[in-house]
Amino acid sequence: MELPAENLSPSPSAAVSVPAVSAASSPVPALKLWEIRRSIGLSIGAALLMVVGLIACALWYGGFPSLAKDSTVTTRTLFDLLKLVFAVVAGIGGVAALVVAYRRQRVAEHGNKLAEFAHELAHAADARAEVTKALAEAADERAKIEADRNGMRLFNERFAKASEQLGSEKAAVRLAGVYAMAGLADDWMEGRQTCIDVLCAYLRMPYDAPREWAGDGLTSEEDGRSEKIDQRARSAREEREVRHSAFRLIGRHLRLQADDANSWRGYDYDFTGAVLDGGDFSGATFDGGMVSFREAMFTGGTVSFTGATFSGGRVSFRGAMFIGGTVSFTGATFSGGRVSFGGATFSDGTVTFGEATFSGGRVSFGEAMFSGASVFFGGARYGLVKISGGTLTFGEAMFSGGSVSFAGMTLSGGTVTFSRATFSGGRVSFGMATFGGGDASFAGASLSGGTVTFAEATFSGGRVFFGGATFSGASVFFNRAIFVGGKVDFERARFGVPPEFDPGVSGRPPAGVLFPIG
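Predicted model, so just to flag it, every value in this text is computed and none were measured. (Residues numbered from 1 in each chain as written. Predicted model: local features only at pLDDT ≥ 70, side-chain atom pairs only at ≥ 80, totals over all residues. Heavy atoms only, no water.)

1. What about the packing of helix 3 (residues 171–187) against helix 4 (residues 192–204)?
This is how it is decided: Here an axis means a line fitted to C-alpha atoms, over the contact stretch when the element is a helix, while the angle between two N-to-C directions is reported on a 0 to 180 degree scale. Going along the chain from the N terminus, every DSSP run of H or I of four or more residues is numbered as a helix, and every run of E of two or more is numbered as a strand. Orientation is classified from the angle alone, with under 35 degrees giving roughly parallel, over 145 giving roughly antiparallel, 65 to 115 giving roughly perpendicular, and any other angle giving oblique. Crossings are assigned a handedness: left-handed for a near helix turned anticlockwise from the far helix by less than a right angle, right-handed for a clockwise turn. Between two residues, a contact is recorded if the distance between any of their heavy atoms is within 4.5 Å. Residues are sorted three ways: Asp, Glu, Lys and Arg are charged, Ala, Val, Leu, Ile, Met, Phe, Trp, Tyr, Cys and Pro are nonpolar, and all the rest, Gly among them, are polar.
At a minimum axis distance of 8 Å, the contact between helix 3 and helix 4 shows a crossing angle of 155°. Classified by the interaxial angle, the pair formed by helix 3 and helix 4 is roughly antiparallel. For the pair helix 3 and helix 4, the sense of crossing is left-handed. Contacts between helix 3 and helix 4 involve Arg174, Val178, Met181, Leu184, Ala185 and Asp186 from the first element and Arg192, Cys195, Val198, Leu199 and Tyr202 from the second. Across the contact of helix 3 with helix 4, the residue classes tally to eight nonpolar, no polar and three charged.

This is how it looks when you write it as structure tokens:
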């Protein structure tokens, strides 16, 4: 058994380049400025020294100290002197203003450098944040991968353990293995089909249904043989319990809603060749996938499909053998998909379809053999079957023994066909059936033995067609049948032993019944 391959992604890597901010390549120099009062004082002092120096040079240039003295100070001289003073004061003020303006420019330039540096820091912080995020994501991814690996490792260990338990010689251990495998299927969505396949494979293993072996009355020489028989009987009963538990678990999961996390609907189930002496699929829904009971053997006990719904996918009982016990489809709904009993053998036991509803899809009993079992599609005991759509076919089936009952069936749509079927023994009953629509075809059927009865059936619509059928020995009865519509067509049938109608009707066909002309 191959486990689902691990699909784990490689370990993630995070590579984000963050430009380094070097103190040598992109430093922000400290702003070195003197205190404002100190700067202005020094500037004014320097200006005064410069003025004094200029005055000194002017005096020297004028020949100081041998300057000509004028005892009279004119108004113009005073005015010129005032202008000189104001000029000196204005010059000193200008120097102070220049100092302030220079400092303001230096501060503005330094502020711009600080803004640029702050931008670089912000960009570096963003880059570091990206790195941190990438590293966190990488760590999360690594943690997830590690968790997946650990989970896969755990699932594999659980699978190996459950498989080992299923192979145990002890029934109790095998039973634990069945529940362990089912629990693993619930937890392991990717491997659910694998777990189901293992359970189905276990149920396909060779199995001898338990019988009642009696050891009483044996002679002393046979005591040893009696003990062996008793041990075989016990082992067989234990194995039956394990198998029935597996069937119950599968049925339980098929009863869950489709949106339930533990629902097993839509998966494949392969019971090909399995031996069933009990199993509970009641209320199960088969709406997808492939379910195979091909060549399975129903040997005893009760296998229940009561209330099951067949709405999609394919369910195959082809070649199955019903040789004992009861198989119940009571209340089942066939509304889609395909269910095949083609080539099945009904030789013993009971198969019931009471109260089943056929509203779509296709249910086929083509080439099936009815030789001894009791198959009920209706009747007072099992409820009435309703066929309103789809196809129910018994083409080329062989009815050689036992009983097949459609008593009380309602055919209001769809098609029921017995084309080329062979009726050579046993009893097929349509008693009290209602043919109100759709078609029932016995085209090419051979009625050479046994009994086919339509007693008290009501023909109110649709058509029952016997074209090409041969009535050569079977007893076909329409006693107390009611013909109020529809058609029963015998026009191309061949009669060795004609069907029987109520006394008083002979000589002319009932209304809606068509016999061959001449």
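2. Considering helix 3
Here is the rule we go by: Expected span of a helix, by definition, is 1.5 Å for each gap between consecutive residues, and there is one gap fewer than residues. Categorising residues by exposure relies on relative accessible area from a 1.4 Å probe, with only protein chains included: less than 20% of the type maximum marks a residue as buried, more than 50% marks it as exposed, and the intermediate range marks it as partly exposed. Directions drawn from the helix axis to the C-beta atoms are what define this arc.
Taking 1.5 Å of rise per residue, 17 residues should cover 24 Å, and helix 3 covers 24 Å from first to last C-alpha, within 8% of that figure. For helix 3, the set of buried residues is Ala171, Arg174, Gly177, Val178, Met181, Ala182, Leu184 and Ala185. Projection of helix 3 onto a plane perpendicular to its axis shows the buried side chains occupying an angular sector of 160°, all on one side.

3. A closer look at the layout of surface pockets
This is how it is decided: Cavities and pockets are found on a 1 Å grid laid over the protein atoms alone: a cavity is a set of points where a 1.4 Å probe fits but cannot escape, a pocket is an open set with protein on both sides within 12 Å along at least five of seven lines, and a lining residue has an atom within 4 Å of such a point. Grid points are joined across faces, edges and corners, and a volume is the space filled by probe spheres set on the points.
Of the voids in this model, the largest pocket is the one considered here, and its volume is about 280 Å³. Around the largest pocket sit 14 residues that line it, and Asp208, Arg232, Ser235, Ala236 and Glu239 are the ones nearest its centre. Sorting the residues of the lining of the largest pocket by element identifies helix 3 and helix 5 (223–254) as the ones contributing at least two each. Counting residues per element, the lining of the largest pocket draws most heavily on helix 5, at five residues. Looking at the lining of the largest pocket residue by residue, the classes come out as five nonpolar, two polar and seven charged.

4. A short note on the sheet that holds strand 24 (residues 513–514)
Hydrogen bonds along the backbone pair up the strands of a sheet, which may run parallel or antiparallel. For clarity, the threshold we go by: Strands pair, by our definition, only if DSSP identifies at least two bridges between them.
The strand order across the open sheet built from 11 strands is 1-4-7-9-11-13-15-17-19-22-24, with neighbouring strands paired in parallel fashion. Every interior strand has two partners, whereas the edge strands, strand 1 (269–270) and strand 24, have only one. Bridging between strand 13 (residues 386–393) and strand 15 (residues 410–417) involves six bridges; their strand directions are parallel. In the strand pairing of strand 15, Ser388 is matched with Gly413.

5. Here we look at the confidence of the model for the protein chain
Going by this rule: On a range of 0 to 100, pLDDT expresses the predictor's confidence in each residue.
Confidence along the protein chain averages 83 in pLDDT terms, with 84% of residues attaining 70 or more. Here residues 213–220 scores under 50 on pLDDT; set against residues more than four positions off or in separate chains, the count is seven contacts.

6. Remarks on the pattern of salt bridges
The following threshold applies: Salt bridge criterion: a side-chain nitrogen from Lys or Arg within 4 Å of a carboxyl oxygen from Asp or Glu.
Taken as a whole and assessed by the stated rule, the structure comprises nine salt bridges. Arg158 is paired through a salt bridge with Asp187; the nearest N and O atoms lie 3.1 Å apart. Taken together, the residues span a long stretch of sequence, with Arg158 in helix 2 (residues 75–166) and Asp187 in helix 3 at a distance of 29 residues. Under the relative-accessibility criterion, Arg158 is labelled partly exposed at 28%. What makes Asp187 partly exposed here is its relative accessible area of 49%. Ionic pairing is found between Arg480 and Glu456, a salt bridge with its closest N-O pair at 3.3 Å. Separated by 24 residues along the polypeptide, Arg480 in the loop between strand 21 (475–477) and strand 22 (482–489) and Glu456 in the loop between strand 18 (446–453) and strand 19 (458–465) bring together distant segments of the chain.

7. Digging into the pairing of strand 22
Note: strand 19 against strand 22, six bridges, orientation parallel. In the sheet register, Thr458 faces strand 22, and the bridge partner there is Ile482. Alignment of strand 22 against strand 24, held across two bridges, turns out to be parallel. By the bridge assignment for strand 24, Asp489 is matched with Leu514.

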